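# Structural characterization, general
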Amino acid sequence: QVQLVESGGGLVQAGGSLRLSCAASGTVFSSNDMGWYRQAPGKQREWVATIHTGGNTNYANSVKGRFIISRDNAKNTVYLQMNSLKPDDTAVYYCAARQSKEYFDSWGQGTQVTVSS
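Here's what I pulled together on the structure shown here. (Residues numbered from 1 in each chain as written. Predicted model: local features only at pLDDT ≥ 70, side-chain atom pairs only at ≥ 80, totals over all residues. Heavy atoms only, no water.)

So, on to the overall build of the protein. A tally of regular secondary structure across the protein gives 0 helices and 11 strands. Along the protein, helices and strands appear, N-terminal first, in the series β-β-β-β-β-β-β-β-β-β-β. By the compact-globule yardstick of 13 Å for 117 residues, the protein fits well, its C-alpha radius of gyration being 13 Å. Overall, the protein is about 40 × 25 × 25 Å in size when its C-alpha atoms are taken along their principal axes. Buried positions account for 44% of the 117 residues belonging to the protein. Of all intrachain contacts in the protein linking residues separated by at least 6 positions in sequence, the fraction that spans at least 24 positions is 55%. For the protein, the exposed surface amounts to about 6,100 Å²; the carbon and sulfur share of it is 44%. Taking the average place of the 11 positive charges on the side chains of the protein and the average place of its 8 negative ones, the gap between the two points comes to 4 Å. (Helix = DSSP H or I, 4+ residues; strand = E, 2+ residues; numbered from the N terminus. Rg over C-alpha atoms; globule rule 2.2 N^0.38 Å. Buried < 20%, exposed > 50% of the residue type's maximum accessible area, 1.4 Å probe, protein only. Contact = heavy atoms within 4.5 Å. Areas by Shrake-Rupley, 256 points an atom, 1.4 Å probe, with all protein chains shown as cover. Lys, Arg positive; Asp, Glu negative; His and termini not counted. Charge placed at Lys NZ, Arg CZ, Asp CG, Glu CD.)

What follows deals with the state of the cysteines. As enumerated under the stated definition, the model contains 1 disulfide in all. Paired through a disulfide, Cys22 and Cys95 show a sulfur-sulfur distance of 2.1 Å. Note on the Cys22 and Cys95 pair: the S-S dihedral is about -80 degrees, so by sign convention the disulfide is left-handed. Pair noted here: Cys22 is in strand β3 (residues 18-25) and Cys95 is in strand β9 (residues 91-98), with a separation of 73 residues, a long-range link. (Disulfide = S-S within 2.5 Å.)

Turning our attention to unusual backbone geometry. The backbone phi angle of Asn76 is positive, close to 55 degrees, even though this residue is not glycine. Residue placement: Asn76 occurs in the loop between β7 (67-72) and β8 (77-82).

Looking now at the environment of Tyr79. Secondary-structure assignment places Tyr79 in strand β8. Its relative accessible area of 12% is what places Tyr79 among the buried residues. Setting aside chain neighbours within four positions, we find Tyr79 in contact with Arg19, Leu20, Ser21, Trp36, Ile68, Ile69, Ser70 and Asp72.

It is worth spelling out the pairing of strand β11 (residues 111-116) at this point. In the case of a regular strand, side chains alternate between the two sheet surfaces. Every second residue of β11 is oriented toward a common face, the buried set being Thr111, Val113 and Val115 and the non-buried set Gln112, Thr114 and Ser116. One ladder, built from 3 bridges, connects β9 with β11; its direction is antiparallel. The partner of Val92 across the bridge, within β11, is Gln112. (Pairing = 2+ DSSP bridges.)

Think of a pair of aromatic rings as described by two things: how far the centres are apart, and how the planes are tilted against each other in angle. Evaluated as defined, the whole model comprises 2 aromatic pairs. Summarising the aromatic geometry, the rings of Tyr37 and Phe104 are spaced 5.7 Å apart at their centres and angled 80 degrees between planes, so their arrangement reads as edge-to-face. One end of the pair, Tyr37, is in strand β4 (residues 33-39); the other, Phe104, is in the loop between β9 and β10 (106-107), and 67 residues separate them in sequence. With 4.9 Å between their ring centres and 65 degrees between their planes, Tyr37 and Trp107 make a pair best called edge-to-face. Residue Tyr37 is located in strand β4, and its partner Trp107 is located in strand β10; the two are separated by 70 residues in the primary sequence. Above the plane of the ring of Trp107 lies Arg45, whose end atom (NZ or CZ) is 4.7 Å from the centre. Looking at Arg98, its charged tip hangs above the ring of Phe104, at a distance of 4.5 Å from the centre. (Phe/Tyr/Trp six-rings, centres within 6.5 Å; stacked < 30°, edge-to-face > 60°. Lys NZ or Arg CZ within 6 Å of the ring centre and 35° of its normal.)

Bear in mind that shape data such as this cannot, by itself, settle questions of function.
This is the structure we're talking about:
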């Protein structure tokens, strides 16, 4: 069973940066596409970024140019570097994994990111 544990969330002022980490276990990490999603209060969960097994990345338009997703297969960890943070980035951020599927089917418990104005 895949286990994903996020860390790195917190409170930051607008314009600041945070780096989220997600440690994976119970799977061959390098065989998984990894993603980040977020859910703001009262809103649906939305996709943020994906990094594929080959290293290709995709980003939501709302974070493109500000966030960077990366992975370290030796450490079974995926990262989300968040720069130029805005109050609208406030949400619970979730790590997700998928292996040979079109949808993410393994999820972490989430980490809170709060951006103050």
